[in-house]
Structures are given as C-alpha cells and as structure tokens.
Amino acid sequence: MARTGLYKSEVEKARNSLIAQGRHPSVDAVRIALGNTGSKTTIHKYLKELEEENGGTVVRQVTISAALQNLVAQLATQLEAEASSRIADMSVEVLEKDRLHAAEIEEVNAKHTQTKEKLDLTIAAIKQEIDLHEQTREALQSESMTRHTLAQQVIDLKERLAENDAYRHSLEEKHQHARDALDHYRASVKEQRDQDIRRHEQQMQQLQAELRQLQQTLVAKQNEITRLNQDGARWVAEISQAQKTIYEDKANLTKLNNQIEAHKAVEQKAKTLQALLTEKDTQIKALEAMQSQSEANQHELKHQLHHMEIDLASANAKLEAQEQMMADLKSLLSTSVVVNSGEAPPVG
C-alpha cells in the first residue's frame with residue numbers, strides 16, 4: 001500500500017542511488033529502494049519529470065550491461081518474493097503437520113501407556129496364577145501322599161482282617177472239638193452251655209467285620225489258642241475236671257467278648273478311614289481339575305502376553321518412525337527459517 005505524502009526529492013534521491021550503483025532506476029526498483037512504499041503512478045510521474053529535467057541523458061548513458069543487471073535484480077527480487085511466499089506456505093504446512101504429528105504422538109503415548117498398564121496387569125495376573133499353580137501342586141502332592149498312606153493303611157487292615165478270619169476259623173474248629181469232647185456233660189449243664197454257645201456264635205459273627213489287629217494282639221491270641229488246646233486236652237483226658245474246664249472256658253469267652261468289643265472299635269475306625277479316603281479322592285479330583293484349569297488359564301495368559309508384546313513392539317516402531325519424521329520436519333523448518341531470514345546477495 002502506497003504511503004501518502006511522497007515527495008519528488010525522495011524519488012530523486014532513490015533514483016540517484018540506483019544510478020550510482022549501476023542499476024536502472026525503474027519504477028519497481030525505486031519503490032523497493034523507498035521501502036516498498038509510495039504509489040507506482042506517483043513514482044512514474046516523478047521519474048518522468050526528472051528525466052525531462054535532465055534531458056534524458058542519464059537514460060541514454062545506461063549501458064546494455066546495466067539493463068541486464070537491472071533485469072537480473074528484478075528477477076532476484078521476484079524470486080525472493082516467491083521464495084518467501086513458498087517458505088511461508090511451507091511453514092504453515094509444516095506447523096500443521098507438526099500439530100497433527102504431535103496429536104498422533106500423544107495418542108500413541110496414551111495407547112502405549114494403556115498397553116503398558118494392561119501388560120503390567122497381565123504380568124501380575126500371570127504371577128498370581130503361577131503362585132496358585134504352585135500352591136495347587138503342593139496341595140496335590142500332599143493329598144497324594146495322604147492318599148497313598150490311607151491306601152496302605154487299608155491294605156494293612158485287609159491283611160489283618162484276613163488273618164483274623166483265619167484265626168476265627170481256627171478258633172471255631174478248636175471250640176467245636178471242645179464241644180464234641182464235652183457232649184456227655186451237656187445234659188447236666190445244657191441250659192448254661194446253650195447260652196454260652198449262642199453267645200460264642202454271636203461273637204464269631206462280629207469278628208467277621210474286624211479290620212485291624214496288632215501283632216501283639218495276635219501273639220496274645222495265639223497264646224490263648226495254645227491254652228485252649230491244652231484245656232481241650234485236659235477236658236478229654238480228665239473227665240472229672242470237666243466242670244472246672246467249663247468255668248475256664250467261660251473266662252476265655254469273657255476275654256473274647258472284650259476282644260470283640262475292641263474289634264468293633266477297629267471296624268468303626270476302618271469305616272471312618274474309608275469315608276475319609278473317599279473324601280480325599282474327591283478333593284484330589286477337584287484339585288486335578290483346578291490344576292488343569294490353571295494350566296489352561298496360564299497358557300491363555302501367555303498367548304495374550306505374546307500378542308501384547310507384538311502390539312507394543314509395533315507401537316514403539318511407529319513411535320520411533322514418527323519421531324524421526326518430526327525430527328526431519330523440524331530440520332526442514334529450521335532450514336526454511338534460515339533461508340527466509342537471510343538477506344539476498346547483492347547484484348553487481
């Protein structure tokens with residue numbers, strides 16, 4: 001925009017300065033020398049008046065070299081203006097791209113933070129699953145040991161039950177022999193003897209449920225069997241002492257009653273152990289199912305962790321590429337600013 005109040009003396013001073021530099025004092029050159037101010041019409045009018053006053057001698061003195069220099073100066077001025085305009089456009093474009101890339105980087109950083117948090121939670125969950133798996137494995141080992149111990153106890157009880165069955169059969173045979181030897185005394189002691197036999201038979205039936213008998217008890221029973229054999233022999237050899245033998249037999253039967261009561265307690269304990277073994281089997285199956293589920297969960301978490309690591313590597317690569325692009329754009333912007341702020345080289 002031309003300023004108001006442009007004087008002819010100012011135009012003349014700018015014109016003389018251009019002539020002194022060997023440049024053609026065109027309207028555009030004079031206007032640039034005046035600081036891009038003043039109307040071109042006014043400058044043209046003043047230049048025409050000055051040429052008429054000087055008789056056109058200065059213009060005629062301008063050589064072809066000066067005209068070329070003036071043309072070069074005009075082209076340089078136009079090129080500088082175009083470069084400035086293009087640099088300004090590029091600066092705006094670079095700033096816009098910088099803003100967009102900054103937003104993308106912020107978004108990527110946010111996603112990276114979310115991914116890192118999710119990864120931390122996943123790692124914590126995996127550690128918790130590993131701890132639970134270790135606890136489950138220890139519990140399974142403990143239950144397996146308990147199950148093995150209980151199974152061994154059941155086997156021992158079955159073996160002792162078989163031994164007791166054999167002992168019972170032997171004892172029945174020996175008592176049958178004693179009853180055969182004392183048949184001729186049954187008339188006098190029939191009622192008492194029948195009661196003793198019935199009680200003895202009930203005791204034999206209860207012995208069938210016996211699960212465990214200690215070795216010490218078997219030794220004691222063997223001693224009792226030996227004593228019963230001796231008593232039976234005395235019953236056959238000594239008819240006169242039959243009544244006394246019967247009383248001893250009653251005492252032995254009383255001891256057997258006490259043993260049967262002990263056997264009942266053993267049977268009850270065996271039933272309790274069997275129920276406990278069944279419960280342990282159920283718990284072991286549940287623990288095995290929990291272990292299988294835990295291993296499946298651990299496999300799934302490892303799979304998710306692998307995908308998250310791939311996503312994190314991709315996000316890091318994208319972030320690095322954008323950071324490199326930002327660095328290149330900033331370098332280009334710095335170069336453009338330096339070019340825009342520099343002075344155009346003088347034209348000779």
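It should be emphasised that the depicted structure is a prediction, and the values quoted were computed from it without experimental measurement. Residue numbers here run from 1 along each chain, matching the order of that chain's written sequence. Predicted model: local features are reported for residues with pLDDT of at least 70 only, side-chain atom pairs are reported and counted for 80 or more only, and whole-chain, interface and lining totals are derived from all residues. The side-chain values count all of the structure's non-hydrogen atoms but skip hydrogen atoms and water molecules.

Draft legend 1. Seen up close, the nonpolar core. Residues enter a nonpolar core if they are buried and are Ala, Val, Leu, Ile, Met, Phe, Trp, Tyr or Cys, with the set joined through side-chain atoms within 4.5 Å. Burial status follows relative accessibility: with a 1.4 Å probe on protein chains alone, a residue under 20% of its type maximum counts as buried, one over 50% as exposed, and anything between as partly exposed. Membership of the largest hydrophobic core is limited to 11 residues, which are Leu6, Val11, Ala14, Leu18, Val27, Ala29, Val30, Leu34, Ile43, Tyr46 and Leu47. In DSSP terms, a helix is any run of H or I states spanning at least four residues, a strand is any run of E spanning at least two, and both are numbered starting from the N terminus. When residues of this core are traced back to their parent elements, those giving at least two are α1 (8-20), α2 (27-33) and α3 (40-54). Contacts between residues were defined by any pair of non-hydrogen atoms, one from each residue, lying within 4.5 Å. For leucine 34, the contacting residues outside a window of four places in its chain are Leu6, Glu10, Val11, Ala14 and Ile43.

Draft legend 2. Highlighting a nonpolar patch on the surface. On the surface, a cluster of nonpolar side chains totalling about 290 Å² of accessible area is made up of Leu68, Leu71 and Leu75. Along the chain, leucine 68 falls in helix α5 (residues 64-181). Like-charged residues within 9 Å of one another, or nonpolar side chains (Val, Leu, Ile, Met, Phe, Trp, Tyr) within 5 Å, are grouped into patches, provided each residue has over 30% relative accessible area and no salt bridge. Using the Shrake-Rupley algorithm and a 1.4 Å probe, accessible areas are obtained, with residue cover drawn only from the displayed protein chains. Between Lys or Arg on one side and Asp or Glu on the other, a salt bridge is scored when a side-chain nitrogen of the former is within 4 Å of a carboxyl oxygen of the latter.

Draft legend 3. Region of the structure containing empty space enclosed by the protein. Cavities and pockets were defined on a 1 Å grid built from protein atoms only: a cavity is a group of points that admits a 1.4 Å probe but offers it no way out, a pocket is an open group of points flanked by protein on both sides within 12 Å along at least five of seven lines, and a lining residue is one with an atom within 4 Å of any such point. Grid points are joined across faces, edges and corners, and a volume is the space filled by probe spheres set on the points. Taken as a whole and judged by the stated rule, the model has two cavities of 30 Å³ or more. Taken as a whole, the largest cavity encloses approximately 60 Å³ of empty space. Residue lining of the largest cavity: His175, Ala178, Arg179, Arg193, Asp196, Ile197, His200, Asp249 and Leu253, and that is the complete set. Elements with a minimum of two residues in the lining of the largest cavity: α5, α6 (190-207) and α8 (242-341). In terms of residue count, the dominant contributor to the lining of the largest cavity is α6 (four residues). By volume, the second largest cavity amounts to about 40 Å³. Only Asp, Glu, Lys and Arg are considered charged, only Ala, Val, Leu, Ile, Met, Phe, Trp, Tyr, Cys and Pro nonpolar, and every remaining residue, Gly among them, polar. Of the residues that constitute the lining of the second largest cavity, the class distribution is two nonpolar, one polar and three charged.

Draft legend 4. Molecular detail of the pattern of salt bridges. Under the definition given, this model contains 11 salt bridges. With a shortest N-O distance of 2.3 Å, glutamate 134 and arginine 137 are connected by a salt bridge. Taken together, the positions of glutamate 134 and arginine 137, both in helix α5 and three residues apart, correspond to about one turn of that helix. Overall, the relative accessible area of 31% leaves glutamate 134 in the partly exposed class. According to the relative accessible area criterion, arginine 137 is partly exposed, its value standing at 31%.

Draft legend 5. Structural context of the side chain of glutamate 224. Among the structural elements, glutamate 224 can be located in helix α7 (residues 215-237). The side chain of glutamate 224 sits in the buried core without any salt bridge; arginine 227 is the nearest counter-charge, 4.4 Å away. Here glutamine 259 takes part through its side chain, which lies 2.9 Å from a polar atom of the side chain of glutamate 224. Ignoring sequence-local partners within four residues, the contact set of glutamate 224 consists of Tyr167, Lys255 and Gln259. We count Lys and Arg on the positive side and Asp and Glu on the negative side, and we leave His and both chain ends out. Polar contact is the term for a pair of N or O atoms within 3.5 Å; when the atoms are in protein, one must be able to donate a hydrogen and the other to accept it, and sequence-neighboring residues count only if both atoms are side-chain atoms.

Draft legend 6. Representation of the packing of α1 against α3. Running from amino to carboxyl end, α1 crosses α3 at an angle of 70°, the nearest separation of the two axes being 10 Å. Between α1 and α3, the interaxial angle falls into the category roughly perpendicular. Contacts between α1 and α3 pair Lys8, Val11, Glu12 and Arg15 from the former with Ile43, Tyr46, Leu47, Glu49, Leu50, Glu51, Glu53 and Asn54 from the latter. Tallied by class, the residues present in the contact of α1 with α3 amount to five nonpolar, one polar and six charged. All axes are obtained by fitting lines to C-alpha atoms, using only the stretch in contact for helices, and the reported angles, taken between N-to-C directions, cover 0 to 180 degrees. Note that the term roughly parallel is reserved for angles under 35 degrees, roughly antiparallel for angles over 145, roughly perpendicular for angles of 65 to 115, and oblique for everything else.

Draft legend 7. Structural detail: the confidence of the model for the protein. Scored from 0 to 100, pLDDT records how confident the predictor is in each individual residue. Per-residue pLDDT for the protein averages 79, and the proportion of residues at 70 or more is 89%. Ranking the helices and strands of the protein by mean pLDDT puts α2 first, with 89, and helix α4 (residues 57-61) last, with 47. Counting interchain partners and residues more than four positions distant, the pLDDT-below-50 stretch residues 57-62 has five contacts. Across residues 342-348, confidence stays below pLDDT 50; counting only partners more than four residues off in sequence or on other chains, it has five contacts.

Draft legend 8. A look at α3. Any helix carries an expected span of 1.5 Å times its number of residues minus one. With 15 residues, α3 extends 21 Å between its outermost C-alpha atoms, agreeing within 8% with the 21 Å of an ideal straight helix rising 1.5 Å per residue. Inspection of α3 places Ile43, Tyr46, Leu47 and Leu50 among the buried residues, and these make up the whole buried set. Buried positions in α3, seen along its axis, are confined to an arc of 100° and lie on one side of it. Looking at α3, the residues exposed on the side facing more than 90 degrees away from the buried face are Thr41 and Glu52. Contacts made by the buried residues of α3 are with α1 and α2. Think of it as the arc spanned by the lines of direction from the helix axis to the C-beta atoms.

Draft legend 9. Unusual backbone geometry, seen in detail. The backbone of asparagine 36 shows a phi angle near 55°, a positive value even though the residue is not glycine. Positionally, asparagine 36 belongs in the loop between α2 and α3.

Draft legend 10. The arrangement of α1 in detail. Helix length check: α1 (13 residues) gives 18 Å between terminal C-alpha atoms against 18 Å at 1.5 Å per residue, within 8%. Where α1 is concerned, the buried positions are Val11, Ala14, Arg15 and Leu18. Axial view of α1: buried residues confined to an arc of 100°, hence all on one face. Exposed residues pointing more than 90 degrees away from the buried face of α1 are listed as Lys13 and Ala20. Positive backbone phi, at 80°, marks glycine 22, one or two positions downstream of α1.

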